[in-house]
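Here's the letter readout for the chains.
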Amino acid sequence: MSACLVLGAVLGAVTSCGADREAPVETMGIVDQHSPASGEVAERNARKAALAAYSGYLAVAQEASGDSDPHHPELTTYLADPLLTQVRFTIRTAKEHGAIRIGILRSDPVVTAVDVASVPAIVEIQDCLDATDWRLVYAEDERVVPGSQSTRHLATVTVSRYPDGRWLVNTGAAHEDQPC
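Residues numbered from 1 in each chain as written. Predicted model: local features only at pLDDT ≥ 70, side-chain atom pairs only at ≥ 80, totals over all residues. Heavy atoms only, no water.

A. Focus on the environment of Ala42. Looking at where Ala42 falls in the secondary structure, it is placed in helix α1 (residues 38-67). Between the C-alpha atoms of Ala42 and Val116, which are 74 residues apart in sequence, the distance is 7.0 Å. (Helix = DSSP H or I, 4+ residues; strand = E, 2+ residues; numbered from the N terminus.)

B. Examining the pattern of salt bridges more closely. Counting across every chain of the model gives four salt bridges. Asp141 is the partner of Arg143 in a salt bridge, and the nearest nitrogen-oxygen pair spans 2.7 Å. Using a relative accessible area of 49% as the deciding quantity, one classes Arg143 as partly exposed. Owing to a relative accessible area of 36%, Asp141 belongs among the partly exposed residues under this scheme. (Salt bridge = Lys/Arg side-chain N within 4 Å of Asp/Glu carboxyl O. Buried < 20%, exposed > 50% of the residue type's maximum accessible area, 1.4 Å probe, protein only.)

C. How the structure looks around the sheet that holds strand β6 (residues 109-115). Strand order in the open sheet made by the four strands is β6-β7-β9-β10, with antiparallel pairing throughout. Strands at the two margins of the open sheet, each flanked by one partner only, are β6 and β10 (167-179). Shown here is a sheet whose adjacent strand axes are inclined to one another by a mean of 20°, direction ignored. Across six bridges, the pairing between β6 and strand β7 (residues 122-130) is antiparallel. Note that in β7 the partner of Pro109 across the bridge is Asp127. Against the sheet, α1 engages β6, β7, β9 (152-161) and β10, with an angle of about 40° to β7. (Pairing = 2+ DSSP bridges. Axes fitted to C-alpha atoms, helices over the stretch in contact; angles between N-to-C directions. Contact = heavy atoms within 4.5 Å.)

D. A look at the side chain of Asp127. The topology assignment puts Asp127 in strand β7. For Asp127, which is buried and forms no salt bridge, the nearest opposite charge comes from Arg152, at a distance of 8.4 Å. For Asp127, the side chain forms a polar contact with the side chain of Ser107, separated by 2.5 Å. The residues contacting Asp127, other than those within four sequence positions of it, are Tyr54, Leu58, Ser107, Asp108, Pro109, His153, Leu154 and Ala155. (Lys, Arg positive; Asp, Glu negative; His and termini not counted. Polar contact = N/O pair within 3.5 Å; in protein donor to acceptor, adjacent residues only side chain to side chain.)

Okay, here's the thing in structure tokens:
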């Protein structure tokens, strides 16, 4: 049974559903304290952590691309391989050609799947990325790099929970042929 049953007439105070703190208990009969199933809580926490990791990834990737820094120290806060290597390669390639990204990348992510029972636990996210104001330009004069027009398109990522407890974005794809 997912709810905690407490016999208030016998116990003055009890530990509620495995928490470390004591909770006051009504002294009249049995109190049924509804709590969400642990699977629901784990899934909700996974969604929240994955969306935070994804949001952090987008922010740090924008910053690293604008600074032309493929080894930006915060990339590893939100990314793991193979996506980490792909992002670094993209930034390094732009840097080698004298280009940076400027502007704003807009995002509207939606969690499409959660599997907290898998090892590692994973969350899949689908996003409509609006990169129309996030331009690849030459660093010296901010002229747009020819053939680099940004679009509004579908993107998908997988966020995994690593053994140290961190949620990191480890795979991703931009589906530029799929406008949204």
